[in-house]
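Residue-level structure breakdown
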Amino acid sequence: MRIRRVGVPVFLAVAAVFLALQACEGNGEVKTSKAGEDESHNHGKDCMKCHYKTGPGEGTWTVAGSAWNLARDGKYSGQATMKIYSEKGGKGKLYMSVPMDAKGNFYTSMPMDFKHNPAYVRIETASNTYEMPYQLVHGACNDCHGDGGTASRITLQ
Ligand code: HEC
Ligand code: HEC
């Protein structure tokens, strides 16, 4: 009898973890861009116009955007990583590290709560680090940095 009573809370705990994972992304899988991968599209467009929970885009991105190549004034095609920290200067907690793909885009569905966590973004290439001087208020980078945005294009060397 005693052993059976222990069994129920364990089952409920497992079910709760399963439900929590389901809530993050349709099938519990976190999708993130990878170096060399070419699954993305719409360079410079605001990805979150389509990639929100009930939107038409496949995948619900929490952070996504595009970068340009200074020399060619086109899509950035080199290797780079977008990182979000809890403090300026690459200090504090590292929330995420997202590689740029082959199309000059980066995206992830990793959970990120901008409302309750101060967040600072920087992009690292082999030779440079580009840091945004302000706190991030949301992860739709192209809303400001993309086509028609009010901030400059994210241009990397
Ligand atoms: C106008 C709407 C729209 C915009 C803007 C948009 N997407 Fe999409 N995206 C879609 C749709 C619809 C699909 C699924 C069908 C397809 O692959 O075209 C998709 C699919 C994808 C996929 C493939 C997902 C998979 O599971 O195979 C990736 C990656 C992606 N988008 C990334 C991006 C990124 C990054 C941006 C911004 C730079 C972006 N999208 C902007 C509508 C959009
Ligand atoms: C609410 C608008 C806004 C959003 C959203 C935003 N930024 Fe920025 N960002 C700015 C502004 C304004 C500047 C500084 C002036 C400029 O570059 O136009 C800046 C600067 C930067 C810089 C420094 C540029 C340089 O040349 O040194 C980087 C890198 C950057 N942002 C990356 C990002 C990334 C990555 C995201 C998404 C995770 C993002 N930003 C989201 C407004 C925004």
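Residues numbered from 1 in each chain as written. Chains lettered and ligands numbered in written order. Predicted model: local features only at pLDDT ≥ 70, side-chain atom pairs only at ≥ 80, totals over all residues.

Observations concerning the sheet that holds strand 3 (residues 74–75)
With mixed pairing, the three strands of this open sheet are ordered in space as 3-2-9. Both outer strands of the open sheet, strand 3 and strand 9 (155–156), are each paired with one neighbouring strand and no more. (Pairing = 2+ DSSP bridges. Helix = DSSP H or I, 4+ residues; strand = E, 2+ residues; numbered from the N terminus.)

What about the site of ligand 2?
Taken together, 20 residues lie near ligand 2, and Met132, Cys141, Cys144, Ala151 and Ser152 sit nearest. At the level of elements, strand 1 (63–66), strand 7 (120–125) and helix 2 (141–145) are the ones that each hand at least two residues to the shell around ligand 2. For the shell around ligand 2, the element with the highest residue contribution is helix 2, accounting for four residues. Split by residue class, the shell around ligand 2 holds 14 nonpolar, five polar and one charged. (Near = placed C-beta within 6 Å. Nonpolar A, V, L, I, M, F, W, Y, C, P; charged D, E, K, R; others polar.)

Considerations on the nonpolar core
Judged by nonpolar contacts, the single largest core of 25 residues is most densely connected at Ala64, Ala67 and Ile84. Mapped onto this core, the elements with two or more residues apiece are strand 1, strand 4 (80–87), strand 5 (91–99), strand 6 (105–108) and strand 7. Broken down by element, this core gets its largest block of residues, four residues, from strand 4. Other than its neighbours up to four places away in sequence, isoleucine 84 contacts Val63, Tyr95, Met96, Ala119, Tyr120, Val121 and Leu136. (Core = buried A, V, L, I, M, F, W, Y, C linked by C-beta atoms within 7 Å. Buried ≥ 20, exposed ≤ 12 C-beta atoms within 10 Å, placed from the backbone. Contact = placed C-beta atoms within 7 Å.)

Re the sheet that holds strand 7
Across the sheet, four strands lie side by side as 5-4-7-8; this open sheet has antiparallel pairing. Across the chains shown, the open sheet's two edge strands, defined by having one partner strand only, are strand 5 and strand 8 (129–131). Strand-to-strand twist of the sheet, defined as the mean angle between neighbouring strand axes without regard to direction, takes the value 25°. Relative to strand 7, strand 4 is paired through six bridges, and the arrangement is antiparallel. (Axes fitted to C-alpha atoms, helices over the stretch in contact; angles between N-to-C directions.)

Details of the confidence of the model for the protein
Within the protein, residue pLDDT values average 88, and 83% of them lie at 70 or more. In this model, residues 6–25 is a region of pLDDT below 50 whose contacts with residues beyond four sequence positions or in other chains number seven contacts. (pLDDT = per-residue confidence, 0-100.)

Points about the pairing of strand 7
By the bridge criterion, three bridges tie strand 7 to strand 8 in an arrangement that is antiparallel. Looking at strand 8, one finds that isoleucine 123 is bridged to tyrosine 130. Between strand 7 and strand 8, which pair antiparallel one after the other, the connecting turn spans three residues.

Quick look at the site of ligand 1
Every one of the 19 residues lining ligand 1 counts as a neighbour, but Ser40, Asn42, Cys47, Cys50 and Gly57 are closest to it. Going through the elements one at a time, strand 1 and strand 6 are the ones with two or more residues in the shell around ligand 1. Its residues assigned to classes, the shell around ligand 1 shows five nonpolar, ten polar and four charged.

So, unusual backbone geometry
Note on backbone geometry: most residues besides glycine have negative phi, and most peptide bonds are trans. The phi torsion at asparagine 42 lies on the positive side, around 55°, for a residue other than glycine. Looking at where asparagine 42 falls in the secondary structure, it is placed in the loop between helix 1 (2–24) and strand 1. Its 18 C-beta neighbours within 10 Å are what place asparagine 42 among the partly exposed residues.

Observations concerning the pairing of strand 4
Moving residue by residue along a regular strand, the side chains alternate between the two faces of the sheet. The pairing of strand 4 with strand 5 spans six bridges and is classified as antiparallel. Within the sheet, the bridge partner assigned to lysine 83 lies in strand 5 and is serine 97. Between the end of strand 4 and the start of strand 5, which pair antiparallel, lie three residues, with glycine 89 showing a positive phi angle near 70°.

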